[in-house]
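Coordinates in review
For reference, the chains in residue letters:
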Amino acid sequence: MKPLNVLVIDNEDVICTACHLVLTEKGHAVDYCKTGKSGLLAMARSKYDLVLLDMKLPDMDGMDILRSLKDEMPPLRVIVMTGYSTLSNAVQAMKLGAADYLSKPFTDDELVQAVEKVFEVN
Amino acid sequence: MHSLTNLQNVLDVVVTKSTQAVNAKGTLLRILNKETNRFEVRAAAGLGERYLSKGPVSTEKILSTLSKPGEVYIITDIWNAPRVEYPQQTWDEGIRMLLDVPLAVGEQVTGLLRIYLTEQRELSTDELDFIKTVAMQCACVIERVGLIQKQQSRFDYLASQVEKGSSLGRMAAGIAHEINNPLAGILLYSSNMCKKVPKGGPLEECLKIIMKETQRCKSIIQGLLDFAREQEPEMALVNVNDVINSAVGIVENEFHLRHVRIQKELAEDMVEVLLDKNQIEQVFINLLLNSLHAVDDKGLVTVKSTVDEENRKIQVEVADNGCGISKENMEKIFEPFFSTKATGTGLGLAVSYGIVANHKGDIRVSSEPGRGACFIVELPMLPFESLDKERI
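Here's a quick rundown of the structure. (Residues numbered from 1 in each chain as written. Chains lettered and ligands numbered in written order. Predicted model: local features only at pLDDT ≥ 70, side-chain atom pairs only at ≥ 80, totals over all residues. Heavy atoms only, no water.)

**Looking at a nonpolar patch on the surface**
- A cluster of nonpolar side chains, namely B:Met171, B:Ile175 and B:Ile179, defines an oily patch on the protein surface of about 260 Å² accessible area.
- Relative to the helices and strands, B:Met171 is located in helix H5 (residues 125–194). (Patch = residues over 30% accessible without salt bridge, like charges linked within 9 Å, V, L, I, M, F, W, Y side chains within 5 Å. Areas by Shrake-Rupley, 256 points an atom, 1.4 Å probe, with all protein chains shown as cover. Salt bridge = Lys/Arg side-chain N within 4 Å of Asp/Glu carboxyl O. Helix = DSSP H or I, 4+ residues; strand = E, 2+ residues; numbered from the N terminus.)

The structure is reproduced here in structure tokens:
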């Protein structure tokens, strides 16, 4: 698949660096931000193909970010990540336009497959 | 006299009035403490401190030679009466005659009223009748207060269990959430590294173990989240026998493989009750699998359903003839994370407890180590009025 510009928004260092490692090895360019606000700023500054978005951020609710992305940047693909996976969470995130859903913890293969699946369909 | 709000007030009135009624020096009221099996002084009137502090009276002494409930035992020979444990002190207190009246409901003696007189005399029928009536009424009050206290302590216990369940649930949800983040780091790095080490080497093996154990943590946490979610049941009118049959169908193969028999004794007159089929099925599966693990090969697990029309409940019993549960484990058996199985998460019964509680039902266990265990799930039947509505 063609290389993607990916932004990871997660307040956990370990998630950011691990996603960075896994996806850069697959040839993608990966940036990461640890707050919702800095994530929104980064998206305003640069063009991304995909956002990996944590649902629970220190400054903002992941659902709110998802809502604003859907309104302002409709072609952007978002994969939601959360440590508190419930079916209703997943359904809500998909309704708000998320392309897929990863429940933590996940393996590198699961991450790569989720990314590939989103862009295969499109 | 039947005011139950304060037992002590009642007992104080009993000793004062009894003393006055027969013009006595004083009265002592003892109640049997079932935990210590001793008759403890609960109220006294007219007696000196020195006399009251003379020492304990043995239960055997009180029960020996005691007259039948409803009768008065009169002691005139203080020095030689077998029931008088401290004759010297009694004499020194100026006492010359004693009346012992058992406080009893039926044949069960729960207390003793002892009236102390300073002179020996004949008692009129009215006086004796008065004392007997007071004793009878007093015994009833003591019994009722005992029952109320028993109910209260059962209620307090259940309330504390519910509270413990919900606060643990909240805490568990928070912890689960925090733990999944570091687990995600571990799993991403280990699965990524696994591809970079020589195939079939010791490093690959170690990394695979790390991945497997991380996945295990994930499934434990998922179970915990299911428990913590306290999902509202989706109620529908269901015959519980159908739920039992489908739960048995799911685990049947597992039983067959281990040569354990399942015997069903389902009530033919079973009525439909409101329940969430999936949740209650999960409870029965949990109980059946627990029983399966408790019995050896060729064991027997019995599932029985009954209708308790009188108490408007239905009951499902899952009993086995396995190893049973020790007394100390019985207390912890419904707590989250308590498990005696090497690979158990300790959530099966905790989840079951939460589900049954959400159905406003009850789940209990009885067991004798070495002689199997029996879990009883009780679910409420529909009240009569809603049954009528259903028909309309």
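**Focus: the sheet that holds strand E3 (residues 73–75) of chain B**
Residue and element names in this part refer to chain B.
- Pairing is antiparallel in the open sheet, where five strands are placed in the order E2-E1-E5-E4-E3. Either end of the sheet is taken by a strand with one partner, and the two such strands are strand E2 (38–45) and E3. Strand-to-strand, the axes of this sheet are offset by a mean angle of 20°, without reference to chain direction.
- The pairing of strand E1 (residues 26–33) with E2 spans seven bridges and is classified as antiparallel. Directly across from Arg30, in E2, lies its bridge partner Val41.
- Here helix H1 (residues 7–21) sits on the sheet in contact with E1, E2 and strand E5 (108–117), set at roughly 65° to E2. (Pairing = 2+ DSSP bridges. Axes fitted to C-alpha atoms, helices over the stretch in contact; angles between N-to-C directions. Contact = heavy atoms within 4.5 Å.)

**Some points on empty space enclosed by the protein**
All names here are of chain B.
- Using the criterion set out here, one finds two cavities of 30 Å³ or more in the structure.
- Of the voids in this model, the largest cavity is the one considered here, and its volume is about 120 Å³.
- Lining the largest cavity are 15 residues, with Arg30, Val57, Arg83, Arg114 and Tyr116 sitting closest to its centre.
- When contributions to the lining of the largest cavity are tallied by element, the ones reaching two or more residues are E1, helix H3 (59–63) and E5.
- The biggest single contributor to the lining of the largest cavity is E5, with three residues.
- For the lining of the largest cavity, the per-class residue count stands at eight nonpolar, one polar and six charged. (1 Å grid on protein atoms, 1.4 Å probe; cavity = no way out; pocket = protein on both sides within 12 Å on 5 of 7 lines; lining within 4 Å. Points joined across faces, edges and corners; volume = space filled by probe spheres on them. Nonpolar A, V, L, I, M, F, W, Y, C, P; charged D, E, K, R; others polar.)

**Considering the pairing of E5(B)**
All names here are of chain B.
- Where burial is concerned, most of E5 is hidden: nine out of the ten residues are buried.
- Sheet topology note: the E1/E5 ladder contains six bridges and is antiparallel. Across the sheet, the residue bridging to Gly26 is Tyr116, located in E5.
- Hairpin connection of strand E4 (residues 97–105) to E5: two residues between the antiparallel strands, including Gly106 at a positive phi of 65°. (Buried < 20%, exposed > 50% of the residue type's maximum accessible area, 1.4 Å probe, protein only.)

**Points about the interface of chain A and chain B**
- Taken together, the contact pairs 23 residues of chain A with 21 residues of chain B.
- Both faces considered, chain A and chain B share a buried interface measuring about 2000 Å² in area, 58% of it formed by carbon and sulfur atoms.
- The interface formed by chain A and chain B contains four salt bridges.
- One salt bridge in this structure joins A:Asp108 and B:Lys195, with 2.5 Å as the shortest N-O distance.
- Scanning the region where chain A abuts chain B turns up nine residue pairs in polar contact (both at pLDDT 80 or more).
- Breaking the side of chain A that touches chain B down by element, the ones donating at least two residues are helix H1 (13–25) and helix H5 (108–121) of chain A. (Buried area = accessible area lost by both parts, 1.4 Å probe. Polar contact = N/O pair within 3.5 Å; in protein donor to acceptor, adjacent residues only side chain to side chain.)

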